[in-house]
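Here is how the chains run, residue by residue.
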Amino acid sequence: MKILALSGSLRAASSNSGLLRAAAALAPKDMVFTFYDQQLAGLPYFSPDLDGEGATPPEKVAELRALLAGCAGLLISCPEYAHGVPGAFKNALDWLVSSGELGGKPTALLMASPSGAQRAQAALVPTLKVLEADLVFEASLRFARTHLGPDGQLVDAELVAVVKQALAALATAITAREQAPAQTPD
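Since we're looking at a predicted model, the values are computed, not measured.

Glancing now at helix α3 (residues 87-94). Within α3 the residues assigned to the buried category are Phe89, Asn91, Ala92 and Leu93. Close packing links the buried residues of α3 with β1 (2-7), α2 (59-69), β3 (73-77) and α4 (118-130).

This is the structure in structure tokens:
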């Protein structure tokens, strides 16, 4: 199953990007990860004028949308800045409002910040719900960055076990979605 690992950080040595890679190393063997982190910086600022009916979206936006359309699930790791989600990450989500790639897509949040990322998660969840992502709360974790090594690696054995359980829950949600009968419009 294809997983898009989406980091909300622009930092080259982001602990959140490192956390996604650490999680991928712990994931069930049938999960194949594509990482979207440094690409975030290449997205233009969202403008409805560039994405209106009949418009061709900018190339970097089309690339993000194609990655999302081609994945079975999404794993997001996002830092907390000024009690919310970084502007560049929110910008990426704004490009998805009218295109529908997140509709019903099983999505887990793996968020770390010095404060525990509670406010970033609180800001992110409503946006993901508007985008119709299928938030898998049992696969979503928040914790203080003190539980991570300098490159985002997991250094706590208990946390490793919790992340493995979260990834298994994401895999279960993806499998359930894939096995669900297709709904027909009334």
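There's plenty left to go through after this.
Another point: the pairing of strand β6 (residues 141-144). Alternating residues of β6 divide into Leu141 and Phe143, all buried, and Arg142 and Ala144, none buried. Alignment of strand β4 (residues 106-113) against β6, held across 4 bridges, turns out to be parallel. Bridging across to β6, Ser113 finds its partner in Ala144.

Here the focus is α4. Between the first and last C-alpha of α4 there are 19 Å, a value that for 13 residues agrees with the 18 Å anticipated at 1.5 Å per step. Residues of α4 that are buried include every one of Ala120, Gln121, Leu124, Val125, Thr127 and Leu128, and no others. At its buried positions, α4 is contacted by β3, α3, β4, β5 (134-135) and β6. Phi turns positive one or two residues past the end of α4, at Glu132, with a value near 65°.

We now examine the confidence of the model for the protein. When pLDDT is averaged along the protein, the result is 90; 96% of the residues meet or exceed 70. β6 is the least confidently modelled element of the protein, averaging 79 in pLDDT, while strand β2 (residues 32-36) averages 98, the highest of any element.

On the secondary structure map, Gly149 appears in the loop between β6 and α5 (157-179). When the C-alpha atoms of Gly149 and Ser15 are compared, they prove to be 8.2 Å apart, with 134 residues separating the residues in sequence.

As a further point, take the side chain of Ser77. Looking at where Ser77 falls in the secondary structure, it is placed in strand β3. Of the polar contacts made by the side chain of Ser77, one reaches the side chain of Asn16; its length is 2.7 Å.

Further remarks concern the pattern of salt bridges. As enumerated under the stated definition, the model contains 4 salt bridges in all. In this structure, Asp94 engages Lys90 in a salt bridge whose closest nitrogen and oxygen atoms are separated by 2.4 Å. In this pair, Asp94 and Lys90 both sit in helix α3, 4 residues apart, roughly one turn of the helix.

This brings us to the packing of aromatic side chains. Across all of its chains, the model carries 2 aromatic pairs by this definition. With a centroid separation of 6.1 Å and 20° between ring planes, the pair formed by Phe33 and Phe35 is classed as stacked. Owing to a relative accessible area of 23%, Phe35 belongs among the partly exposed residues under this scheme. Geometrically, the ring pair formed by Phe46 and Trp95 is edge-to-face, given 5.0 Å between the ring centres and 80° between the ring planes. Of this pair, Phe46 sits in the loop between β2 and α2 while Trp95 sits in the loop between α3 and β4, and the two are 49 residues apart along the sequence. Overall, Trp95 belongs to the buried group, its relative accessible area being 0%. Lying over the aromatic face of Phe35, Arg21 brings its terminal NZ or CZ to 4.3 Å of the ring centre.

What counts and what doesn't
- Within any chain, residue numbers begin from 1 and follow the written order of that chain's sequence.
- It should be noted that, the model being predicted, local features are given only for residues of pLDDT at least 70 and side-chain atom pairs only at 80 or more, the latter also being counted only at that level, while totals for whole chains, interfaces and linings use all residues.
- Note that the side-chain values use all heavy atoms of the structure and ignore hydrogens as well as water.
- Buried residues are those whose accessible area, probed at 1.4 Å on protein chains only, stays under 20% of the maximum for their type, while exposed residues exceed 50% and partly exposed ones sit between those limits.
- Secondary structure is summarised from DSSP: a helix means a run of H or I of at least four residues, a strand means a run of E of at least two, and numbering begins at the N terminus for each.
- Should any heavy atoms of two residues lie within 4.5 Å, those residues are counted as being in contact.
- One bridge is not enough; two strands pair if DSSP finds at least two bridges between them.
- Multiplying 1.5 Å by the helix residue count minus one yields the expected span of that helix.
- Per-residue confidence from the predictor is reported as pLDDT, which spans 0 to 100.
- Any N or O atom pair separated by 3.5 Å or less is treated as a polar contact, with the protein-specific requirement of one donor-capable and one acceptor-capable atom, and with residues adjacent in sequence counted only for side-chain atom pairs.
- A pairing counts as a salt bridge when a side-chain nitrogen of Lys or Arg comes within 4 Å of a carboxyl oxygen of Asp or Glu.
- Two rings from Phe, Tyr or Trp (for Trp, the six-membered ring) form a pair when their centres sit within 6.5 Å of each other. Planes less than 30 degrees apart are called stacked, planes more than 60 degrees apart edge-to-face, and all others tilted.
- Note on criteria: charge over ring means Lys NZ or Arg CZ within 6 Å of the ring centre, with the direction from the centre no more than 35 degrees off the ring normal.

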